[in-house]
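Each chain, letter by letter, is given below.
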Amino acid sequence: MLYDFRSFVNPGHYAFGKGNLKHLGELIDRRKNKTNDWTVFMIDHFFQDKKETLDRLPIGEKDLVFFIDTKDEPKTTLVNKYRDQILAHQSTLPAVVIGMGGGTTMDYAKATGLMVTNEGDSKDYQGLDKIKNEGIYTIVIPTVSGTGAEVSMTAVLSGPEKKLGIKCDYTIPNEVLFDPELLSTVTDEDRFFTGMDNYIHNVESLNGTWITSMGKAFAEKSNEICVDVFMNKYPDRLEADEKMMVASIMGGNSITYAQVGVCHALSYGLAVVLETHHGVANCIAFNQLEQYYPEGYKQFKEMQAFQGVDIPKGITAGCSDEDLDRMVDVAWANEHMWNNAFGPEWEKHISKAELKELYKKM
Ligand code: NAD
Ligand code: ZN
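About the criteria used
Within every chain, residues take consecutive numbers counted from 1 along the sequence as written. By the order in which they are written, chains take letters starting at A while ligands take numbers starting at 1. Totals for whole chains, interfaces and linings use all residues, but because this is a predicted model, local features are given only for residues with pLDDT of at least 70 and pairs of side-chain atoms are given and counted only at 80 or more. To obtain the side-chain values, all non-hydrogen atoms of the structure were used and water was disregarded. Where helices and strands are cited, they refer to DSSP runs of H or I of at least four residues and of E of at least two residues respectively, numbered from the N terminus. Our radius of gyration is a C-alpha quantity, and the globule rule it is checked against amounts to 2.2 Å times the number of residues to the power 0.38. Here, two residues are considered to be in contact whenever any of their heavy atoms come within 4.5 Å of each other. We call a residue buried when its accessible area falls under 20% of the maximum for its residue type, exposed when it is over 50%, and partly exposed in between, using a 1.4 Å probe and counting protein chains only. With a 1 Å grid laid over protein atoms only, a set of points is called a cavity when a 1.4 Å probe fits there but cannot get out and a pocket when it is open yet has protein on both sides within 12 Å along at least five of seven lines; lining residues have an atom within 4 Å of a point. Grid points are joined across faces, edges and corners, and a volume is the space filled by probe spheres set on the points. Under the grouping applied here, Gly and all other residues not named as nonpolar or charged are polar, the nonpolar ones being Ala, Val, Leu, Ile, Met, Phe, Trp, Tyr, Cys and Pro and the charged ones Asp, Glu, Lys and Arg. For the purposes of this description, domain bounds are those given by an automatic or database domain assignment. Think of it this way: a Phe, Tyr or Trp ring, Trp meaning its six-membered ring, pairs with another when their centres are within 6.5 Å, and the plane angle makes it stacked under 30 degrees, edge-to-face over 60, tilted otherwise. Sitting over a ring, as applied to charges here, requires NZ of Lys or CZ of Arg to be within 6 Å of the ring centre and within 35 degrees of the ring normal. For this description, a residue counts as near a given molecule or strand if any of its non-hydrogen atoms is within 4 Å of it. Between N or O atoms, a polar contact is any pair within 3.5 Å; within protein, one atom must be a potential hydrogen donor and the other a potential acceptor, and residues adjacent in sequence are included only when both atoms are from side chains. Reported accessibility uses the Shrake-Rupley method at a 1.4 Å probe radius. Residues are deemed covered only where the shown protein chains occlude them. To be counted as sitting in a cavity or pocket, a molecule needs more than half of its atoms within 2 Å of that site's grid points.

Engineer: What is the right way to read the overall build of the chain from this model?
Structural biologist: Secondary structure assignment for the chain yields 13 helices and nine strands. Computed over the C-alpha atoms, the radius of gyration of the chain is 20 Å, within 12% of the 21 Å expected from 2.2 N^0.38 for a compact globule of 362 residues. Dimensions along the principal axes, computed over C-alpha positions, put the chain at roughly 60 × 50 × 40 Å. In the chain, 78% of the contacts between residues at least 6 apart in sequence involve partners at least 24 apart.

In structure tokens:
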């Protein structure tokens, strides 16, 4: 084990159920006081022209709304910018930051809520336990399932040098509002790619050296649900979406109590050098990992065939040797992932040359 002891944190409050969005105003009001009486809404840009959903949000005159462009994954530079805008918006701090969307938007909300109360550049807080002060009360509302960001202690950010999470006890969202009705508009592709992020979290936890009974229980149940959802035709999509919300919670906890592995390390290289989106990058990488995760690979291919989703191929074809080496270096730097995958002597099990060959096949 790399870190031998940690007492893990979960969100303080969960509200789970169809139609829950109508209670958001109550949850926010509980956190307001005379001084801190306004809210920041960070909302996935998909909803920008969805008047019906926006009208249901309790957005007041004093509040500040950001629509989050999900084309790129969360960047430290943008977190800093959002923080500066929040500090300039009113003379007092907001009572609540809302993050409504997928992993991208929820991680923006988690990181920005923290940076409001922690001075400086968010890139300096990438890593473990670097945050000094508790952030603004954060409520996240997932609108696509799989990353587990709604329950995780990490806000994954791409900085100028690295893709690395801000991770500490304060990074956990304070509250999660789950409403499966919000997922009805997700495309089949996004549903598959983000859903497979969940599947891969569990495969990597279960096959890693850091696994404990706790992580195993979460990962096994999460993948039982995930495989059921992606290997069956659900006439009622709401039922499948509700189940995947639960799978995502459990998958997020499986990596909290264990760790990701080979696929995520490789996927980070694709993210940093080619800016490939997390869910897609994971699928591209996992598509080449039969030798490391044979059973998981087989099931993954079955789900892919059943869902009829294509996994991009040849994305590294135009890469220079330097690009490939950079990818390898980014992947190699995720020591905790390799340590989980192969144990403390992981460098005896994998080499940079092997990583480069894997990248070439992607
Ligand atoms: P995402 O947030 O970008 O969402 C995927 C796509 O779905 C986007 O195009 C988005 O606009 C769209 N979308 C979201 N909700 C929708 C809805 N209801 N209807 C229609 N479209 C909708 O992607 P993601 O896969 O959820 O998150 C990826 C990010 O999460 C990456 O930045 C990754 O690093 C991060 N991540 C974080 C953790 C963590 O523990 N914090 C874990 C895994 C991944
Ligand atoms: Zn992931």
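Still more to cover.
Engineer: Any chance you could explain the side chain of T53 here in plain terms?
Structural biologist: Here T53 lies in helix α2 (residues 51-55). Assessed through its relative accessible area of 16%, T53 is described here as buried. With residues near it in sequence (within four places) discarded, T53 still touches L21, F47, M100 and L182.

Engineer: What is the right way to read the layout of surface pockets from this model?
Structural biologist: The rolling of a water-molecule-sized probe over the atoms marks out the regions of remaining empty space. Looking at the largest pocket, its volume works out to about 1,200 Å³. The wall of the largest pocket is formed by 50 residues, among which G103, D107, T147, D197 and H278 lie closest to the centre. Ranked by the residues each element gives to the lining of the largest pocket, the list is headed by helix α5 (residues 188-206), at five residues. Its residues placed into classes, the lining of the largest pocket shows 18 nonpolar, 25 polar and seven charged. Looking at which domains feed residues into the lining of the largest pocket, each of domain 1 (13-185) and domain 2 (188-360) gives three or more.

Engineer: Honestly, the packing of aromatic side chains in this entry has me stumped. Any pointers?
Structural biologist: Note on aromatic pairs: each is described by the distance of the centres and the angle between the planes. Applying the stated criterion across every chain yields a total of 17 aromatic pairs. Ring centres of W332 and W346 lie 5.0 Å apart, and the angle between their planes is 65 degrees; on these two criteria the pair is classed as edge-to-face. Of this pair, W332 sits in helix α11 (residues 321-332) while W346 sits in the loop between α12 (335-342) and α13 (352-361); the two residues are 14 residues apart in sequence, bridging distant segments of the chain. Owing to a relative accessible area of 5%, W346 belongs among the buried residues under this scheme. Aromatic rings pair up to connect F192, F193, F230, F286, Y293 and F300 into one cluster. If you follow K50 out to its NZ or CZ, it ends over the ring of F46, 4.2 Å from the centre. The lysine or arginine in question, K233, covers the ring of F306, its NZ or CZ lying 4.8 Å from the ring centre.

Engineer: What should I look at first to understand the site of ligand 1 in this one?
Structural biologist: Around ligand 1 sit 29 residues, and of these G103, T143, S152, T185 and H277 come closest. Separating a nitrogen atom of ligand 1 from a backbone N or O atom of T154 is a distance of 2.9 Å. K163 is positioned such that a nitrogen or oxygen atom in its side chain is 3.3 Å from an oxygen atom of ligand 1. Burial of ligand 1 by the surrounding chains reaches 93%, relative to a free accessible area of 870 Å². Judged by the proximity of its atoms to the pocket grid, ligand 1 belongs to the largest pocket. Taken together, the elements giving at least two residues each to the shell around ligand 1 come down to α4 (103-115), β7 (154-158) and α5. Residue composition of the shell around ligand 1, grouped by class: eight nonpolar, 14 polar and seven charged. Looking at which domains feed residues into the shell around ligand 1, each of domain 1 (13-185) and domain 2 (188-360) supplies at least three.

Engineer: Is there a simple way to think about the environment of T39 in this case?
Structural biologist: Its place among the elements puts T39 in strand β2 (residues 39-44). Given the relative accessible area of 0%, T39 is considered buried. Excluding anything up to four places from it in sequence, T39 contacts I28, K32, D63, L64, V96 and I98.

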